Amino acid sequence: MRSTISARLDRDIARLAIPALGALAADPLVSMVDTVFVGRLGVVPLAALGVNTSIFAMAFVVFNFLAYGTTPLVARAVGRGDRAGAGHVVMQAFLLAVLVGGTATLLLELLAVPIVSLMGAGGELRGPALSYLRIRALAGPAVLLVTAGHGAFRGYQDTRTPLLVTLGLNVVNLVLDPLFIFGFGWGLEGAALATLIAQWVGALWFIHLLLRSRSRELGIQPRLPALSEIRPFLRIGRDLALRTVALIGTLTLATAVATRVGTVQVAAHQVATQIWLLLAMTVDSLAVAAQTLVAGYRGAGDEAMARRASNRLLGWGLLSGVALGCLFFLLAPVLPRLFTDEPAVLAAVAGIFPFIVLMQPLNAVVFVWDGVFIGAERFRFLARQMAFSAACAAVILFLVLPLGWGLTGVWWGIVALMLARAVTPVSYTHLRAHETNPCISYAV
């Protein structure tokens, strides 16, 4: 019986995680493709792109509750057979995406100069960083509509459609990047414009699917939600936004510190971060499956299966992290050269590449834990956990410049962040297990 349940869980995990793997691996490709092409322009444009990558991560990824909040709410409604309720959640997410995205764009345009200065981009970096920022900021509502679209389809247990949309917008960016950067001679600004167009293509695609071509199938009635209807969503958004602010704020602080270490160092940090995030987002496909399966089983009232799914996913996460760490160890001599051919930058990347390799098993377990807690709708715990982890990392990052630790010190700060994120869920689950039923085991 146990082996039958495990086999069924493995099939469900594969059905959800494999397409999600493609979508999540492809999602950072917009920034990675920009990095590949812009890296051919020289160290200064590459460094300016690195500064902007952190700015936009902070400005828009902070609202990823439009995915992480939407997925469990839609999945739980579908699990209890309430398609209309799932449709209401989708409309609430889309309304918030437009309002929040428009506000973020306006603030970025008005505060561009102080934001770039705060990131430490002075001198020769200032002009290119500002130009890129002001163009790319116009994609604000599109980025958040795409985020909400991903969350909605995951909740319906459809991870193939987001994969198709993600691949489509990446193809647009891949075609336009060399055309705008080199063909038209627009350089870094051409990369920003290509990304802007690609994001709006993805947003309009999701709108068409959810509000027109598949609205009846999914139970979505295109109507404007009342403010009272979105208040529960806003409470979830508050907790997840606090969590994301702490996470992205730490990564932004890491980039700001690397910027102050030196131009070569921040360029190397940009390359290393893109490689690290590719692996991180790849493993996050299991977290997507965790969000959907845990929330669906809870909606159907089957807590035992939710627990079994959680444990199974954690086991697969650990194995995946080990495999990816080995793969990237073998590819270490090759990968950085895809992004830059500057000898000084390559040497700096080589000095921190062991962090990328060795952190993969830890990253994998952390991301699956996040998926389990999101599926269980433990949003407040996630916010508190991330605040604690960010504080641990910040202590190290603030010491990098005074103590002369250089780029290696920046990456030790990232290690501290991930270790704290791994320890706190284990403590929480064991505490809750003994409070409710001492026989409950969360062992992988």
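Just so it is clear, the structure is predicted and the values come from calculations on it, not from any experiment. (Residues numbered from 1 in each chain as written. Predicted model: local features only at pLDDT ≥ 70, side-chain atom pairs only at ≥ 80, totals over all residues. Heavy atoms only, no water.)

**Re the overall build of the protein chain**
Next, step 1: Secondary structure summary: the protein chain contains 19 helices and 0 strands in total.
Next, step 2: The C-alpha radius of gyration computed for the protein chain amounts to 21 Å, which stays within 12% of the reference 22 Å derived for 444 residues, consistent with globular compactness.
Next, step 3: Structurally, the protein chain occupies a C-alpha span of about 60 × 45 × 35 Å along its principal axes.
Next, step 4: Relative to its 444 residues, the protein chain shows a buried fraction of 58%.
Next, step 5: Long-range contacts, defined as pairs at least 24 residues apart, comprise 84% of the intrachain contacts of the protein chain with a sequence gap of at least 6.
Next, step 6: Accessible surface, the protein chain as shown: approximately 17600 Å² in total, 68% of it carbon and sulfur. (Helix = DSSP H or I, 4+ residues; strand = E, 2+ residues; numbered from the N terminus. Rg over C-alpha atoms; globule rule 2.2 N^0.38 Å. Buried < 20%, exposed > 50% of the residue type's maximum accessible area, 1.4 Å probe, protein only. Contact = heavy atoms within 4.5 Å. Areas by Shrake-Rupley, 256 points an atom, 1.4 Å probe, with all protein chains shown as cover.)

**Overview of the packing of aromatic side chains**
Next, step 1: Enumeration according to the criterion identifies 12 aromatic pairs in this entry.
Next, step 2: Between the aromatic rings of Phe 355 and Trp 411, the centroid separation amounts to 6.4 Å while the plane-to-plane angle is 40 degrees, which identifies the pairing as tilted. In this pair, Phe 355 is assigned in helix H16 (residues 343-358) and Trp 411 in helix H19 (residues 406-436), connecting sequence segments 56 residues apart.
Next, step 3: Look at Phe 355 and you get buried, because its relative accessible area is 12%.
Next, step 4: Over the aromatic face of Phe 56 sits the side chain of Arg 136, whose NZ or CZ is 4.9 Å from the ring centroid. (Phe/Tyr/Trp six-rings, centres within 6.5 Å; stacked < 30°, edge-to-face > 60°. Lys NZ or Arg CZ within 6 Å of the ring centre and 35° of its normal.)

**Description of the side chain of Asp 158**
Next, step 1: Mapped onto the secondary structure, Asp 158 falls in the loop between helix H9 (140-155) and helix H10 (160-183).
Next, step 2: Within the local environment of Asp 158, its side chain forms a polar contact with the backbone nitrogen of Arg 160, the two atoms lying 3.0 Å apart.
Next, step 3: Side chain to side chain, Asp 158 and Arg 214 meet in a polar contact 3.2 Å long.
Next, step 4: Setting aside residues up to four positions removed in sequence, Asp 158 forms contacts with Phe 153 and Arg 214. (Polar contact = N/O pair within 3.5 Å; in protein donor to acceptor, adjacent residues only side chain to side chain.)

**Regarding the side chain of His 150**
Next, step 1: Looking at where His 150 falls in the secondary structure, it is placed in helix H9.
Next, step 2: For His 150, a relative accessible area of 9% gives the class buried.
Next, step 3: Contacts of His 150, omitting those with residues within four sequence positions, involve Ala 23, Pro 162, Thr 166 and Phe 206.

**Some details on the confidence of the model for the protein chain**
Next, step 1: The share of residues in the protein chain with pLDDT of 70 or more is 94%, and the mean pLDDT across the chain is 86.
Next, step 2: Ignoring residues within four places in sequence, the model shows residues 434-444, a span with pLDDT below 50, making 13 contacts including any to other chains. (pLDDT = per-residue confidence, 0-100.)

**Quick word on the nonpolar core**
Next, step 1: Membership of the largest hydrophobic core comes to 135 residues, with the highest contact counts inside it found for Leu 66 and Trp 411.
Next, step 2: If near-sequence neighbours (up to four positions away) are discounted, Leu 66 is found in contact with Ala 93, Leu 96, Ala 97, Leu 144, Thr 147, Ala 148, Gly 151 and Phe 233. (Core = buried A, V, L, I, M, F, W, Y, C linked by side-chain atoms within 4.5 Å.)

**Describing the pattern of salt bridges**
Next, step 1: For the coordinates displayed, the defined rule picks out 11 salt bridges.
Next, step 2: One salt bridge connects Arg 214 with Glu 217, and the closest N-O pair in it is separated by 3.2 Å.
Next, step 3: Here Arg 243 ties to Asp 370 by a salt bridge, and the two come within 2.7 Å at their closest N and O atoms. With Arg 243 in helix H13 (residues 227-261) and Asp 370 in helix H17 (residues 360-375), this residue pair connects regions lying 127 residues apart in the sequence.
Next, step 4: The exposure class assigned to Arg 243 is buried, which follows from its relative accessible area of 4%.
Next, step 5: Overlapping salt bridges bring together Arg 76, Arg 298, Glu 303 and Glu 377 as one network. (Salt bridge = Lys/Arg side-chain N within 4 Å of Asp/Glu carboxyl O.)

**Details of the packing of helix H3 (residues 43-60) against helix H8 (residues 126-136)**
Next, step 1: In contact at an axis separation of 9 Å, H3 and H8 are set at 45 degrees when each is read in the N-to-C sense. One finds that H3 runs oblique with respect to H8. Remark: the crossing between H3 and H8 carries right-handed chirality. On the side of H3, the interface is formed by Val 44, Ala 48, Leu 49, Asn 52, Ile 55 and Phe 56, while H8 contributes Pro 128, Ala 129, Tyr 132, Leu 133 and Arg 136.
Next, step 2: Residues of the contact of H3 with H8, tallied by class, amount to 9 nonpolar, 1 polar and 1 charged. (Axes fitted to C-alpha atoms, helices over the stretch in contact; angles between N-to-C directions. Parallel < 35°, antiparallel > 145°, perpendicular 65-115°, else oblique. Left-handed = near helix turned anticlockwise from the far one by under 90°. Nonpolar A, V, L, I, M, F, W, Y, C, P; charged D, E, K, R; others polar.)

**Notes on the environment of Val 51**
Next, step 1: Positionally, Val 51 belongs in helix H3.
Next, step 2: Expressed as a C-alpha distance, the spacing of Val 51 and Phe 153, which sit 102 residues apart in the sequence, is 32 Å.
Next, step 3: When neighbours within four sequence positions are excluded, Val 51 is seen to be in contact with Met 119, Ala 121 and Thr 259.

**A word on a nonpolar patch on the surface**
Next, step 1: On the surface, a nonpolar cluster with roughly 400 Å² of combined accessible area is contributed by Leu 106, Leu 107, Leu 110 and Leu 111.
Next, step 2: Take Leu 107: it is sitting in helix H6 (residues 83-110). (Patch = residues over 30% accessible without salt bridge, like charges linked within 9 Å, V, L, I, M, F, W, Y side chains within 5 Å.)

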